[in-house]
Amino acid sequence: MKVKVLFFAGLREALGTGSEALALPADISTAGALRDLLAARGEAWSALASTKNVRVAVNQQMVGFDAPVKAGDEVAFFPPVTGG
Amino acid sequence: MSVSVQEADFDAGAEIAALAAGRDDVGAVASFVGLVRSDKQVEKVGAGGTAAVQAMTLEHYPGMTEKALEAIVAEARGRWELQGVRVIHRVGRLVPGDRSVFVAVASAHRGEAFAACEFIMDYLKTRAPFWKKEETPDGGRWVGARESDDHAAGRWQTEKE
(Lines give C-alpha, C1' and ligand atoms only; values in the text may rest on other atoms or scores of the structure.)
Protein backbone atom coordinates (compact mmCIF):
# COMPACT_ATOMS: atom_id res chain seq x y z
CA MET A 1 0.00 0.00 0.00
CA LYS A 2 1.14 3.49 -0.80
CA VAL A 3 0.76 7.02 0.42
CA LYS A 4 0.10 9.89 -1.97
CA VAL A 5 2.61 12.65 -1.22
CA LEU A 6 1.97 16.19 -2.49
CA PHE A 7 4.19 19.28 -2.57
CA PHE A 8 3.10 22.87 -3.05
CA ALA A 9 4.44 26.33 -3.84
CA GLY A 10 8.17 26.93 -3.33
CA LEU A 11 8.69 23.39 -2.13
CA ARG A 12 7.08 21.99 -5.29
CA GLU A 13 9.37 24.17 -7.41
CA ALA A 14 12.51 23.26 -5.44
CA LEU A 15 11.77 19.54 -5.68
CA GLY A 16 10.70 19.70 -9.32
CA THR A 17 7.60 17.63 -8.62
CA GLY A 18 4.13 18.18 -7.23
CA SER A 19 3.27 14.64 -6.25
CA GLU A 20 4.42 11.08 -5.98
CA ALA A 21 3.05 7.74 -4.89
CA LEU A 22 5.34 6.27 -2.27
CA ALA A 23 5.38 2.76 -0.84
CA LEU A 24 5.27 3.37 2.89
CA PRO A 25 8.10 1.56 4.71
CA ALA A 26 6.86 -0.41 7.71
CA ASP A 27 8.81 1.71 10.18
CA ILE A 28 7.30 5.02 9.00
CA SER A 29 4.22 5.83 11.06
CA THR A 30 4.17 9.63 11.45
CA ALA A 31 4.25 12.66 9.17
CA GLY A 32 7.57 13.64 10.73
CA ALA A 33 9.14 10.27 9.98
CA LEU A 34 7.93 10.50 6.38
CA ARG A 35 9.37 14.01 6.16
CA ASP A 36 12.74 12.74 7.45
CA LEU A 37 12.69 9.84 5.00
CA LEU A 38 12.19 12.23 2.06
CA ALA A 39 14.69 14.78 3.37
CA ALA A 40 17.33 12.03 3.54
CA ARG A 41 17.28 11.84 -0.27
CA GLY A 42 19.61 14.83 -0.09
CA GLU A 43 20.14 17.86 -2.35
CA ALA A 44 16.87 19.73 -2.93
CA TRP A 45 15.02 17.26 -0.71
CA SER A 46 16.93 18.42 2.36
CA ALA A 47 14.72 21.55 2.25
CA LEU A 48 12.04 19.35 3.80
CA ALA A 49 14.08 19.10 6.98
CA SER A 50 13.41 22.76 7.84
CA THR A 51 10.89 22.78 10.67
CA LYS A 52 10.48 26.54 10.32
CA ASN A 53 9.55 26.54 6.64
CA VAL A 54 7.63 23.31 6.17
CA ARG A 55 4.08 22.51 7.18
CA VAL A 56 2.21 19.25 6.73
CA ALA A 57 -1.36 18.17 6.10
CA VAL A 58 -2.62 14.59 6.34
CA ASN A 59 -5.79 13.86 4.41
CA GLN A 60 -6.24 17.60 3.81
CA GLN A 61 -6.08 18.56 7.48
CA MET A 62 -3.19 20.64 8.74
CA VAL A 63 -1.50 18.65 11.52
CA GLY A 64 1.67 18.46 13.57
CA PHE A 65 4.59 16.29 12.51
CA ASP A 66 3.67 13.78 15.21
CA ALA A 67 0.43 13.01 13.38
CA PRO A 68 0.01 9.37 12.34
CA VAL A 69 0.41 8.35 8.70
CA LYS A 70 -0.81 5.09 7.26
CA ALA A 71 -1.14 3.47 3.85
CA GLY A 72 -3.78 5.13 1.70
CA ASP A 73 -3.30 8.56 3.27
CA GLU A 74 -2.70 11.77 1.34
CA VAL A 75 0.23 13.66 2.87
CA ALA A 76 1.07 17.18 1.70
CA PHE A 77 4.17 19.20 2.51
CA PHE A 78 4.24 22.95 1.89
CA PRO A 79 5.63 26.26 3.10
CA PRO A 80 3.71 28.39 5.63
CA VAL A 81 0.59 29.69 3.90
CA THR A 82 0.40 33.22 2.50
CA GLY A 83 -3.14 33.73 1.21
CA GLY A 84 -5.45 36.64 1.73
CA MET B 1 -22.69 28.09 -0.91
CA SER B 2 -20.73 30.14 1.59
CA VAL B 3 -17.20 29.44 0.32
CA SER B 4 -15.79 29.83 -3.20
CA VAL B 5 -12.29 29.42 -4.62
CA GLN B 6 -12.26 30.82 -8.13
CA GLU B 7 -10.22 32.53 -10.83
CA ALA B 8 -13.02 34.95 -11.64
CA ASP B 9 -13.47 38.35 -10.06
CA PHE B 10 -16.41 39.00 -7.74
CA ASP B 11 -18.96 41.75 -7.23
CA ALA B 12 -18.69 42.78 -3.58
CA GLY B 13 -21.88 44.82 -3.69
CA ALA B 14 -23.91 41.96 -5.11
CA GLU B 15 -22.48 39.53 -2.55
CA ILE B 16 -23.33 41.86 0.34
CA ALA B 17 -26.84 42.39 -0.99
CA ALA B 18 -27.34 38.64 -1.35
CA LEU B 19 -26.53 38.05 2.32
CA ALA B 20 -29.50 40.11 3.46
CA ALA B 21 -31.83 39.50 0.52
CA GLY B 22 -35.32 38.33 1.40
CA ARG B 23 -34.93 38.54 5.16
CA ASP B 24 -35.71 41.18 7.77
CA ASP B 25 -33.60 39.96 10.70
CA VAL B 26 -30.20 41.09 9.44
CA GLY B 27 -29.09 44.22 11.24
CA ALA B 28 -25.47 44.35 10.14
CA VAL B 29 -23.22 43.18 7.31
CA ALA B 30 -19.49 43.65 7.79
CA SER B 31 -17.25 42.98 4.80
CA PHE B 32 -13.59 42.91 3.85
CA VAL B 33 -12.02 43.13 0.41
CA GLY B 34 -8.33 42.31 -0.06
CA LEU B 35 -6.51 43.83 -3.03
CA VAL B 36 -3.21 43.10 -4.75
CA ARG B 37 -0.68 45.86 -4.03
CA SER B 38 2.24 46.74 -6.27
CA ASP B 39 4.84 47.32 -3.60
CA LYS B 40 5.37 44.99 -0.69
CA GLN B 41 8.92 45.93 0.25
CA VAL B 42 7.95 47.44 3.60
CA GLU B 43 6.68 44.17 4.96
CA LYS B 44 8.86 41.82 2.96
CA VAL B 45 10.23 39.05 5.13
CA GLY B 46 13.38 37.26 4.11
CA ALA B 47 13.05 37.77 0.38
CA GLY B 48 15.54 40.61 0.20
CA GLY B 49 13.85 42.13 -2.82
CA THR B 50 12.53 45.63 -3.13
CA ALA B 51 11.36 45.61 -6.72
CA ALA B 52 7.78 46.56 -7.43
CA VAL B 53 5.33 43.70 -7.86
CA GLN B 54 4.03 43.48 -11.42
CA ALA B 55 1.72 40.55 -10.84
CA MET B 56 1.22 37.63 -8.53
CA THR B 57 0.07 34.08 -8.92
CA LEU B 58 -2.00 32.48 -6.19
CA GLU B 59 -1.54 28.74 -5.86
CA HIS B 60 -3.73 26.58 -3.63
CA TYR B 61 -4.37 23.01 -2.58
CA PRO B 62 -7.57 22.01 -4.38
CA GLY B 63 -9.83 20.05 -2.07
CA MET B 64 -8.13 21.04 1.13
CA THR B 65 -8.62 24.75 0.48
CA GLU B 66 -12.40 24.51 0.44
CA LYS B 67 -12.41 22.29 3.54
CA ALA B 68 -10.12 24.66 5.44
CA LEU B 69 -12.27 27.67 4.57
CA GLU B 70 -15.46 25.84 5.52
CA ALA B 71 -13.89 24.82 8.84
CA ILE B 72 -12.99 28.46 9.54
CA VAL B 73 -16.55 29.56 8.75
CA ALA B 74 -17.92 26.80 10.98
CA GLU B 75 -15.68 27.94 13.81
CA ALA B 76 -16.86 31.54 13.39
CA ARG B 77 -20.47 30.36 13.49
CA GLY B 78 -19.70 28.54 16.71
CA ARG B 79 -18.32 31.68 18.31
CA TRP B 80 -20.87 34.26 17.17
CA GLU B 81 -24.54 34.27 16.23
CA LEU B 82 -24.31 34.78 12.48
CA GLN B 83 -27.05 34.91 9.88
CA GLY B 84 -24.86 34.54 6.83
CA VAL B 85 -21.23 34.22 5.80
CA ARG B 86 -19.63 34.53 2.37
CA VAL B 87 -15.95 33.88 1.62
CA ILE B 88 -14.45 34.18 -1.87
CA HIS B 89 -10.75 33.67 -2.55
CA ARG B 90 -9.34 34.12 -6.02
CA VAL B 91 -6.54 31.98 -7.45
CA GLY B 92 -4.40 32.26 -10.56
CA ARG B 93 -2.62 35.33 -11.88
CA LEU B 94 -3.64 38.73 -10.48
CA VAL B 95 -2.21 42.20 -11.06
CA PRO B 96 -2.02 45.18 -8.69
CA GLY B 97 -5.45 46.65 -8.12
CA ASP B 98 -7.19 43.30 -8.56
CA ARG B 99 -9.43 42.04 -5.80
CA SER B 100 -8.02 38.85 -4.25
CA VAL B 101 -10.24 37.96 -1.31
CA PHE B 102 -13.71 38.77 0.01
CA VAL B 103 -15.29 38.07 3.39
CA ALA B 104 -18.73 39.24 4.44
CA VAL B 105 -20.66 38.40 7.58
CA ALA B 106 -24.31 39.13 8.36
CA SER B 107 -25.65 39.26 11.89
CA ALA B 108 -28.29 40.98 13.98
CA HIS B 109 -25.84 43.50 15.44
CA ARG B 110 -22.58 45.08 14.30
CA GLY B 111 -20.42 43.62 17.07
CA GLU B 112 -20.75 40.03 15.89
CA ALA B 113 -20.37 41.04 12.24
CA PHE B 114 -17.18 43.05 12.78
CA ALA B 115 -15.59 40.44 15.04
CA ALA B 116 -16.46 37.43 12.88
CA CYS B 117 -15.27 39.14 9.69
CA GLU B 118 -11.88 39.92 11.21
CA PHE B 119 -11.64 36.45 12.78
CA ILE B 120 -12.29 34.75 9.43
CA MET B 121 -9.64 36.86 7.69
CA ASP B 122 -7.08 36.23 10.45
CA TYR B 123 -7.65 32.49 10.36
CA LEU B 124 -7.71 32.42 6.55
CA LYS B 125 -4.27 34.04 6.55
CA THR B 126 -2.72 31.30 8.69
CA ARG B 127 -4.82 28.18 8.05
CA ALA B 128 -6.02 28.15 4.46
CA PRO B 129 -3.58 26.59 1.97
CA PHE B 130 -2.86 29.48 -0.42
CA TRP B 131 0.57 30.65 -1.52
CA LYS B 132 1.50 33.82 -3.37
CA LYS B 133 4.30 34.11 -5.89
CA GLU B 134 5.15 37.64 -6.95
CA GLU B 135 6.48 38.66 -10.34
CA THR B 136 8.98 41.52 -10.20
CA PRO B 137 11.48 43.01 -12.68
CA ASP B 138 14.08 40.87 -10.85
CA GLY B 139 12.13 37.66 -11.34
CA GLY B 140 9.67 35.58 -9.35
CA ARG B 141 9.69 35.25 -5.59
CA TRP B 142 7.46 33.39 -3.15
CA VAL B 143 5.94 35.57 -0.48
CA GLY B 144 7.17 34.66 3.00
CA ALA B 145 4.80 34.11 5.90
CA ARG B 146 4.55 37.01 8.31
CA GLU B 147 4.80 36.68 12.06
CA SER B 148 2.26 39.46 12.43
CA ASP B 149 -0.31 37.16 10.79
CA ASP B 150 0.38 34.46 13.39
CA HIS B 151 -0.06 37.05 16.13
CA ALA B 152 -3.30 38.26 14.58
CA ALA B 153 -4.69 34.72 14.51
CA GLY B 154 -3.35 33.97 17.98
CA ARG B 155 -5.29 36.83 19.52
CA TRP B 156 -8.53 34.96 19.01
CA GLN B 157 -7.27 32.00 21.02
CA THR B 158 -6.25 34.03 24.05
CA GLU B 159 -9.42 36.07 23.96
CA LYS B 160 -11.89 33.29 23.42
CA GLU B 161 -10.41 30.04 24.70
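Structure report, in brief. (Residues numbered from 1 in each chain as written. Chains lettered and ligands numbered in written order. Predicted model: local features only at pLDDT ≥ 70, side-chain atom pairs only at ≥ 80, totals over all residues. Heavy atoms only, no water.)

So, the overall build of chain B
Operational definition: Secondary structure elements follow DSSP: runs of H or I no shorter than four residues count as helices, runs of E no shorter than two count as strands, and numbering proceeds from the N terminus. Relative accessibility under 20% of the residue-type maximum defines a buried residue, over 50% an exposed one, and the middle range a partly exposed one, all with a 1.4 Å probe and only protein chains included. Residue contacts follow a heavy-atom distance rule, with two residues in contact if any of their heavy atoms lie within 4.5 Å. For the accessible areas, the method is Shrake-Rupley and the probe is 1.4 Å, while residue cover comes only from the protein chains on display.
A tally of helices and strands in chain B yields four helices and eight strands. Scanning chain B from its N terminus toward the C terminus, one meets helices and strands in the order β-α-β-β-α-β-β-β-α-β-β-α. In chain B, which comprises 161 residues, the proportion classed as buried is 46%. Look at the contacts in chain B between residues 6 or more apart in sequence, and 78% of them connect residues 24 or more apart. Carbon and sulfur atoms make up 49% of the accessible area of chain B, which amounts to about 7700 Å² in all.

Details of unusual backbone geometry
The backbone phi angle of E43(A) is positive, close to 50 degrees, even though this residue is not glycine. Relative to the helices and strands, E43(A) is located in the loop between α2 (31-39) and β3 (55-58).

A short note on the interface of chain B and chain A
Here is the rule: The term buried area denotes the loss of accessible surface (1.4 Å probe radius) that occurs when two parts are joined, taken as the sum for both partners. Definition used for salt bridges: Asp or Glu carboxyl oxygen within 4 Å of a side-chain nitrogen of Lys or Arg. Between N or O atoms, a polar contact is any pair within 3.5 Å; within protein, one atom must be a potential hydrogen donor and the other a potential acceptor, and residues adjacent in sequence are included only when both atoms are from side chains. Ten residues, namely Ala, Val, Leu, Ile, Met, Phe, Trp, Tyr, Cys and Pro, are considered nonpolar, four, namely Asp, Glu, Lys and Arg, are considered charged, and the remaining ones, Gly among them, are considered polar.
With 25 residues of chain B in contact, the opposing surface of chain A contributes 19 residues. The junction of chain B with chain A conceals about 1800 Å² of combined surface from both sides, 56% of it contributed by carbon and sulfur atoms. When residues of chain B are sorted by the area they lose upon contact with chain A, Y61(B), M64(B) and W131(B) head the list and together hold 37% of the total. In this structure, the connection of chain B to chain A is made through two salt bridges. With a closest N to O distance of 2.4 Å, E59(B) and R12(A) form a salt bridge. On the surface where chain B and chain A come into contact, there are 16 residue pairs in polar contact (both at pLDDT 80 or more). Within the residue set of the side of chain B that touches chain A, elements represented by two or more residues are β3 (55-60), α2 (64-79), β6 (99-107), α3 (110-127) and β7 (130-136) of chain B. Looking at the side of chain B that touches chain A, the element that brings in the most residues is α3(B), giving five residues. Residue composition of the side of chain B that touches chain A, grouped by class: 13 nonpolar, six polar and six charged.

Considerations on the sheet that holds strand β8 (residues 139-142) of chain B
Residues and elements named next belong to chain B. For the record, the criterion: In this analysis, strands are considered paired if DSSP registers two or more bridges between them. A fitted line through C-alpha atoms represents every axis, and for helices the fit uses only the stretch in contact; the resulting angles, taken between N-to-C directions, go from 0 to 180 degrees.
Read from one edge to the other, the open sheet built from four strands follows the order β5-β3-β7-β8, with strand pairing classed as antiparallel. In the strand order of this sheet, the two ends are held by β5 (92-94) and β8, each with one partner. Taken over all neighbouring pairs, the strand axes of this sheet differ in orientation by 25 degrees on average, direction set aside. Bridge analysis of β7 against β8 gives four bridges, and the strand direction is antiparallel. What sits directly across from E135, in β8, is G140.

Examining α3(B)
To keep things clear, this is the line we draw: Each residue after the first adds 1.5 Å to the expected span of a helix.
The first and last C-alpha atoms of α3(B) sit 25 Å apart over 18 residues, in line with the 26 Å expected at 1.5 Å per residue. When we look at burial in α3(B), the residues that qualify are A113(B), A115(B), A116(B), C117(B), F119(B), I120(B), M121(B), D122(B), Y123(B), L124(B) and T126(B).

Focus: α2(B)
Compared with an ideal rise of 1.5 Å per residue, which puts 16 residues at 22 Å, α2(B) spans 23 Å between its outermost C-alpha atoms and is within 8% of the ideal. When we look at burial in α2(B), the residues that qualify are M64(B), T65(B), A68(B), L69(B), I72(B), V73(B), A76(B) and R79(B).

Points about the pattern of salt bridges
If charged atoms from side chains of opposite charge come close, those side chains can pair. Scanning the entire structure with this criterion turns up 16 salt bridges over all chains. For E20(A), the salt bridge identified is with R41(A), shortest N-O distance 2.9 Å. One end of the pair, E20(A), is in strand β2 (residues 19-23); the other, R41(A), is in the loop between α2 and β3, with 21 residues separating them in the sequence. Classification of R41(A) as partly exposed rests on a relative accessible area of 40%. The salt bridge partner of E15(B) is R86(B), with a shortest N-O separation of 2.8 Å. Pair noted here: E15(B) is in helix α1 (residues 12-20) and R86(B) is in strand β4 (residues 84-90), with a separation of 71 residues, a long-range link. R86(B) shares its class with E15(B); the two are buried. Overlapping salt bridges bring together D9(B), R90(B) and R99(B) as one network.

None of this, on its own, says anything about what the molecule does.
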